[in-house]
Amino acid sequence: ITSTISGNHTHGNGARGGGISSHGETLTIQYSTIEGNKTSGVNAYGGGIHTRQAETFIHSSTISGTAVTEDSSIGGGIYALRQATISHTTITDKRAVSSGGGIAGALRGRPLLSHSIVSGNWSTPNDSPARADDISAGATGIETGYSLLGVVDGTITETPDTVNYFGVDPLLGP
């Protein structure tokens with residue numbers, strides 16, 4: 001997909017993918033902007049992107065201003081159940097109620113993140129005050145190289161011979 005996906009809203013118990021919901025084999029997003037999308041309802045997943053069976057590739061894109069709202073909602077920007085490869089992409093200004101303001105999921109594959117920024121995302125678990133929550137890596141963890149990451153919950157594996165920056169403000173705001 002090469003486009004702008006903006007201002008969409010899915011709602012209902014178990015709602016998925018405010019901007020994109022994919023259940024196919026492969027989802028490829030390139031040179032795109034996914035912004036201002038929302039998924040709401042109990043057990044909602046993926047305010048910007050939700051992938052279920054698809055292997056996901058995101059390249060040279062921006063995902064911002066997306067949200068999942070209401071109890072037990074996860075993955076404000078991206079919720080991926082399969083392998084997700086994200087490169088040269090900025091993921092910022094997203095909100096989740098439970099966890100993974102920026103990225104969550106990847107229960108059946110380790111996310112690969114390179115040359116990307118994932119920062120400035122937050123969650124509000126159990127109606128608590130907003131807290132920084134950029135990546136919820138899940139049981140498989142996340143592999144990253146040449147990236148700037150904010151707050152990560154889970155295991156990080158750094159790609160050998162690469163540099164990553166953690167907890168550094170990328171100065172993306174106005």
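Residues numbered from 1 in each chain as written. Predicted model: local features only at pLDDT ≥ 70, side-chain atom pairs only at ≥ 80, totals over all residues. Heavy atoms only, no water.

Draft legend 1. Representation of the overall build of the protein chain within the structure. In terms of helices and strands, the protein chain carries zero helices and 23 strands. Each principal axis of the C-alpha distribution contributes one length, and for the protein chain these read about 45 × 35 × 35 Å. If you take every contact in the protein chain between residues at least 6 apart in sequence, the share linking residues at least 24 apart comes to 72%. About 7,600 Å² of surface is accessible on the protein chain, with carbon and sulfur atoms providing 50% of the total. (Helix = DSSP H or I, 4+ residues; strand = E, 2+ residues; numbered from the N terminus. Contact = heavy atoms within 4.5 Å. Areas by Shrake-Rupley, 256 points an atom, 1.4 Å probe, with all protein chains shown as cover.)

Draft legend 2. Representation of the packing of aromatic side chains within the structure. In total, this model carries one aromatic pair according to the counting rule given. Measuring from centroid to centroid gives 4.7 Å for tyrosine 45 and tyrosine 79, while their planes differ by 45 degrees, and the two rings are tilted. With tyrosine 45 in the loop between strand S6 (38–40) and strand S7 (49–51) and tyrosine 79 in strand S11 (residues 78–80), the pair connects residues that are 34 residues apart, well separated along the chain. Each of the two residues, tyrosine 45 as well as tyrosine 79, counts as buried. (Phe/Tyr/Trp six-rings, centres within 6.5 Å; stacked < 30°, edge-to-face > 60°. Buried < 20%, exposed > 50% of the residue type's maximum accessible area, 1.4 Å probe, protein only.)

Draft legend 3. Just the sheet that holds strand S13 (residues 90–92), in detail. Spatial ordering of the open sheet is given by S1-S5-S9-S13-S17-S21-S23, a layout of seven strands whose pairing is parallel. For this open sheet the edge positions go to strand S1 (4–6) and strand S23 (165–166), each flanked by a neighbour on one side alone. The pairing of strand S21 (residues 148–149) with S23 spans two bridges and is parallel. The partner of leucine 149 across the bridge, within S23, is phenylalanine 166. (Pairing = 2+ DSSP bridges.)

Draft legend 4. Main features of a nonpolar patch on the surface. Nonpolar side chains collect at one region of the surface, where Tyr146, Val163, Tyr165 and Val168 lie side by side and expose about 380 Å² of accessible area between them. Position of tyrosine 165 among the secondary structure elements: in strand S23. (Patch = residues over 30% accessible without salt bridge, like charges linked within 9 Å, V, L, I, M, F, W, Y side chains within 5 Å. Salt bridge = Lys/Arg side-chain N within 4 Å of Asp/Glu carboxyl O.)

From the geometry alone we can't say anything about function, so treat these as descriptive.
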